[in-house]
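Below are the chains, spelled out letter by letter.
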Amino acid sequence: MVQEKKQVDEVSGWLRVYDDGSVDRTWTGPPEVKFMAEPVPPHEQFIEGVATRDVTTDSNSGLRVRIYLPDQILTTKTKLPILLHFHGGGFCISQADWYMSYHIYTRLARSVPAICVSVYLRLAPENRLPAACDDGYAALLWLRSLAKGESNELWLNDHADFNRVFLIGDSSGGNIMDVVAARDGNKGLSPLRLAGGIPIHPGLVRAERSKSELEQPESPFLTLDTVDKFLALALPLGSTKDHPITCPMGHAAPAIDGLDLPPFLLFVAGKDLIKDTEMEYYDAMKKGKKDVELLISPGMGHSFYLNKTTVDMDPNTAAQTNALIEGIKEFINKH
């Protein structure tokens, strides 16, 4: 008789963990938002100004990326900057091909214009941190191998400017972005140049609740319960939220003034549950004499720009999304 596996943990709507170690990520939340978590197949023809393809960067590890190529490459003789993107999802859910990323990063690639390279990150709890950070750094080293002529990927070799590589991450992807930027800075990456980092609503927290966690409204993309449960599944066993990946401004993290970091543009949502700890991070960066700009989206919740339904239906969310994209474009054009 086959013994049925038992559910031992759950993050509402998003995933269920079983006693045999397996994980079920079938969406069980409201059906009207399921489309945002659906994969979008790659298309090498231009659709709304962008073509996409999936590439395996390392046959041994199986690491893959999705490339977003804007149609400006058909008319410009100038090579385009690269956005190396790390998706969010509390380190436990989401993928580079999910519609919520596709709808905004196709738009961003076209608007800047830039070539976006989004990494298929390993997920927890099957792969606890720092696995996703290692994947992010491996993707950066793959770009370096292209810049050195040791590897070849036609879209990037033909159209990308490896002297202008920007790291960008949504939510927990912002944490990964910070780790990848701090791991190497500009040392050892030549002829690639790390030109900047763009953490958007990074998942920065402390073991002790912040004032904003206790007072700000929860949003569709962030509740206290999901933060706690995702991080319990993702952080190294025995760690608390004071771990350097989730609290790079804390006592357990390397001193920020000793890090070799490129210029940063930090995005904070005015009604984000974790805005207080994001602002602690900003203050620590300024105190460490790092080049960091701040762009606040007033009245907005965590990762608001990923919610296509709200972006389409609410004029204020649409305007704040436009401002976010314009801020990214201006930052890239400066560096």
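Per chain, residues are indexed from 1 in the order of the written sequence. It should be noted that, the model being predicted, local features are given only for residues of pLDDT at least 70 and side-chain atom pairs only at 80 or more, the latter also being counted only at that level, while totals for whole chains, interfaces and linings use all residues. Hydrogens are left out, water is left out, and the side-chain values use all remaining heavy atoms of the structure.

Asker: Any chance you could explain the pairing of strand S7 (residues 115-119) here in plain terms?
Answerer: Working note: regular strand, side chains alternate between the two faces of the sheet. Accessible area is worked out with a 1.4 Å probe on protein chains only. A residue is then buried under 20% of its type maximum, exposed over 50%, and partly exposed in between. By definition, any uninterrupted DSSP run of H or I lasting at least four residues is a helix, any uninterrupted run of E lasting at least two residues is a strand, and each is numbered from the N terminus. Counting buried residues in S7 gives five out of five residues, a clear majority hidden from the surface. Neither face of S7 is left uncovered, since the one carrying Ile115, Val117 and Val119 and the one carrying Cys116 and Ser118 both have all their residues buried. When strand S5 (residues 64-70) meets S7, the two strands line up antiparallel, connected through four bridges. Paired with tyrosine 68 across the two strands is cysteine 116, which belongs to S7. Following DSSP output, two strands are said to pair if at least two bridges run between them. As paired strands, strand S6 (residues 80-86) and S7 are joined by five bridges and run parallel to one another. Bridge pairing in S7 places isoleucine 82 opposite isoleucine 115. Taken together, S6, helix H1 (residues 99-111) and S7 constitute a β-α-β crossover, and its handedness is right-handed. Crossover handedness is defined by viewing with both strands directed away from the observer: a clockwise path from the first strand over the helix to the second marks the crossover as right-handed.

Asker: What should I look at first to understand the pattern of salt bridges in this one?
Answerer: Opposite charge on two side chains makes pairing possible when the charged atoms of those side chains draw close. Note on definitions: salt bridges are taken to be side-chain nitrogens of Lys or Arg within 4 Å of carboxyl oxygens of Asp or Glu. For the structure shown, the criterion picks out 19 salt bridges. The partner of glutamate 126 in a salt bridge is arginine 25, and the shortest N-O contact between them spans 2.7 Å. Here glutamate 126, found in the loop between S7 and helix H2 (131-147), pairs with arginine 25, found in the loop between strand S3 (23-24) and strand S4 (50-56); they are 101 residues apart in sequence, far enough to count as distant. As a salt-bridge pair, arginine 183 and aspartate 134 come within 3.1 Å of each other at their nearest N and O atoms. Taken together, the positions of arginine 183 in helix H4 (residues 172-184) and aspartate 134 in helix H2 put the pair 49 residues apart, joining distant regions of the chain. For arginine 183, a relative accessible area of 37% gives the class partly exposed. Residue classification places aspartate 134 among the partly exposed residues on the basis of a relative accessible area of 33%.

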